[in-house]
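Spelled out, the chains give:
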Amino acid sequence: MKIVDAHIHFSSIQSFKDTGKDLSRVDYTKEGLRKEMKDGDIVFAIAMGVTEGKEGFPDRQVQTPMGLDLDETLPPGLGVCPGVNPFCLNQEAMDRLETKLQEAETVGIKIYLGYYPFYAYDDIYQPVYDLAAAYEVPVVFHTGDTYSERGLLKYSHPLTLDEVAVARRDVNFVMAHLGDPWVLTGAEVVYKNRNMFADLSGWLVGTKKELDARLVDNHFDHVRHALTYCDHYEKLLFGSDWPLVPIKDYAEFIGAFIPSKHVEDVFYENACRVFPRIEKLM
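Residues numbered from 1 in each chain as written. Predicted model: local features only at pLDDT ≥ 70, side-chain atom pairs only at ≥ 80, totals over all residues. Heavy atoms only, no water.

1. Thoughts on the overall build of the protein
Stage number 1. Each helix and strand in the protein was counted, giving 10 helices and 9 strands.
Stage number 2. Relative to the 2.2 N^0.38 estimate, which gives 19 Å for 282 residues, the radius of gyration of the protein is 17 Å and therefore close to what a compact globule would have.
Stage number 3. Considering only C-alpha atoms, the protein reaches an extent of 50 × 40 × 40 Å along its principal axes.
Stage number 4. Split into buried and exposed, the 282 residues of the protein put 56% on the buried side. (Helix = DSSP H or I, 4+ residues; strand = E, 2+ residues; numbered from the N terminus. Rg over C-alpha atoms; globule rule 2.2 N^0.38 Å. Buried < 20%, exposed > 50% of the residue type's maximum accessible area, 1.4 Å probe, protein only.)

Laid out in structure tokens, this is it:
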């Protein structure tokens, strides 16, 4: 089966390097990604642009758009959602973001709720949504737990996305991680709003051993409840959040939550609809 991984990383972030080395045991390099994509039947992957400055991530000084800098060149079959730093959104930054949106490999835009102290509906992001509407690309929001203790969770709670979904019906949004651990709330926001989708990435950090253990110990019953409650599998996308986990192993983990009749949608078809540019890149 062909798979689109709708959420990975390909940026030179120290915490990602440490995670790959010490926790998930993945080769966080271009060659490592190419091998994982091949082994996991990944025909396309979407990388979330993020840049680390002197403060680590999040850094208020880095430029918008944030990109992919793990290697000088990108591997084949990789698209990008350039990241937005709300502290750097002057006209010059917006011009750079628009230029990036004119490049073929740009398939969406990424906003890091929780890492930066602004809500999804704040006025500061409205020009970003205007560009997304004009170029017909989705906006991906980080939601839920943050990978940095400097994050502020009130900004990344999935309920805060309801307001922007209602106000900006001209834009499609992707709720990364389904708002975990508030997945039931995330499921309601997806269920209610026709322009809100969700990826199922980033629920665990570790190896196949950790993934298998969590399926056995019922640690993810809250996820099963949320997915059943939402009951809109045409709005859910597979994503691994690599390098947090090995891609193939995480795909098998997510597959355990998806009814067989919806597997092709979740792992391939939905991504092609939500990110319409990727079909021309595969």
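2. What about the nonpolar core?
Stage number 1. Of all hydrophobic cores here, the largest spans 97 residues; its most connected members are Tyr 129, Phe 141, Leu 178 and Phe 275.
Stage number 2. It is helix 10 (residues 263-274) that contributes the most residues to this core, 7 residues altogether. (Core = buried A, V, L, I, M, F, W, Y, C linked by side-chain atoms within 4.5 Å.)

3. Side note on the pairing of strand 3 (residues 78-81)
Stage number 1. Neither face of strand 3 is open: one carries Leu 78 and Val 80, the other Gly 79 and Cys 81, and all of them are buried.
Stage number 2. In this structure, strand 2 (residues 42-48) lies alongside strand 3, joined through 4 bridges in parallel fashion. Paired with Ala 47 across the strands is Val 80, a residue of strand 3. (Pairing = 2+ DSSP bridges.)

4. As for the sheet that holds strand 8 (residues 196-199)
Stage number 1. Strand order across the open sheet formed by 6 strands is 4-5-6-7-8-9, with parallel pairing between neighbours. Where the open sheet ends on each side, the last strands, each with one partner, are strand 4 (83-84) and strand 9 (236-237).
Stage number 2. Looking at chain direction, strand 6 (residues 139-142) and strand 7 (residues 173-176) are connected through 4 bridges and run parallel. Bridge pairing in strand 7 places Phe 141 opposite Met 175.

5. Section: the pairing of strand 1 (residues 3-8)
Stage number 1. Of all 6 residues that make up strand 1, 6 are buried, and the element is covered over most of its length.
Stage number 2. With 4 bridges joining them, strand 1 and strand 2 adopt parallel strand pairing. When the sheet's bridge partners are listed, Ile 3 is paired in strand 2 with Ile 42.

6. Here's the deal with the side chain of Thr 160
Stage number 1. Take Thr 160: it is sitting in the loop between strand 6 and helix 5 (161-167).
Stage number 2. A distance of 2.7 Å separates the side chain of Thr 160 from the backbone oxygen of His 157, its partner in a polar contact.
Stage number 3. Ignoring any residue separated from it by four or fewer positions in sequence, one finds Thr 160 in contact with Tyr 119, Ala 120, Tyr 121, Lys 154 and Tyr 155. (Polar contact = N/O pair within 3.5 Å; in protein donor to acceptor, adjacent residues only side chain to side chain. Contact = heavy atoms within 4.5 Å.)

7. Some points on the environment of Pro 243
Stage number 1. Within the secondary structure, Pro 243 sits in the loop between strand 9 and helix 9 (247-255).
Stage number 2. According to the relative accessible area criterion, Pro 243 is buried, its value standing at 0%.
Stage number 3. The sequence separation of Pro 243 and Phe 16 amounts to 227 residues, and the corresponding C-alpha distance is 6.4 Å.

8. What to know about the packing of helix 3 (residues 91-101) against helix 4 (residues 126-135)
Stage number 1. At a minimum axis distance of 11 Å, the contact between helix 3 and helix 4 shows a crossing angle of 20°. Classed by the angle they form, the pair helix 3 and helix 4 counts as roughly parallel. Remark: the crossing between helix 3 and helix 4 carries right-handed chirality. Contacts between helix 3 and helix 4 pair Met 94, Leu 97, Glu 98 and Leu 101 from the former with Pro 127, Val 128, Leu 131 and Tyr 135 from the latter.
Stage number 2. For the contact of helix 3 with helix 4, the residue count by class is 7 nonpolar, no polar and 1 charged. (Axes fitted to C-alpha atoms, helices over the stretch in contact; angles between N-to-C directions. Parallel < 35°, antiparallel > 145°, perpendicular 65-115°, else oblique. Left-handed = near helix turned anticlockwise from the far one by under 90°. Nonpolar A, V, L, I, M, F, W, Y, C, P; charged D, E, K, R; others polar.)

9. Focus on the packing of aromatic side chains
Ring pairs (aromatic) are described by centroid distance and by the angle formed between their planes.
Stage number 1. Counted according to the given criterion, the structure contains 24 aromatic pairs.
Stage number 2. Relative to Tyr 112, the ring of Phe 57 has its centre 5.2 Å away and its plane inclined at 70°; by these criteria the two rings are edge-to-face. With a gap of 55 residues between them, Phe 57 in the loop between strand 2 and strand 3 and Tyr 112 in the loop between strand 5 (109-111) and helix 4 connect regions that are remote in the sequence. Both residues of the pair, Phe 57 and Tyr 112, count as buried.
Stage number 3. Centroid distance Phe 57 to Tyr 116: 6.0 Å. Interplanar angle 85°. Geometry classified as edge-to-face. Remark: Tyr 116 occurs in the loop between strand 5 and helix 4 and Phe 57 occurs in the loop between strand 2 and strand 3; sequence separation between them is 59 residues.
Stage number 4. Looking at Phe 57, the relative accessible area reads 14%, which means it is buried.
Stage number 5. One cation-aromatic arrangement involves Lys 235 over Phe 197; the distance from NZ or CZ to the ring centre is 5.4 Å. (Phe/Tyr/Trp six-rings, centres within 6.5 Å; stacked < 30°, edge-to-face > 60°. Lys NZ or Arg CZ within 6 Å of the ring centre and 35° of its normal.)

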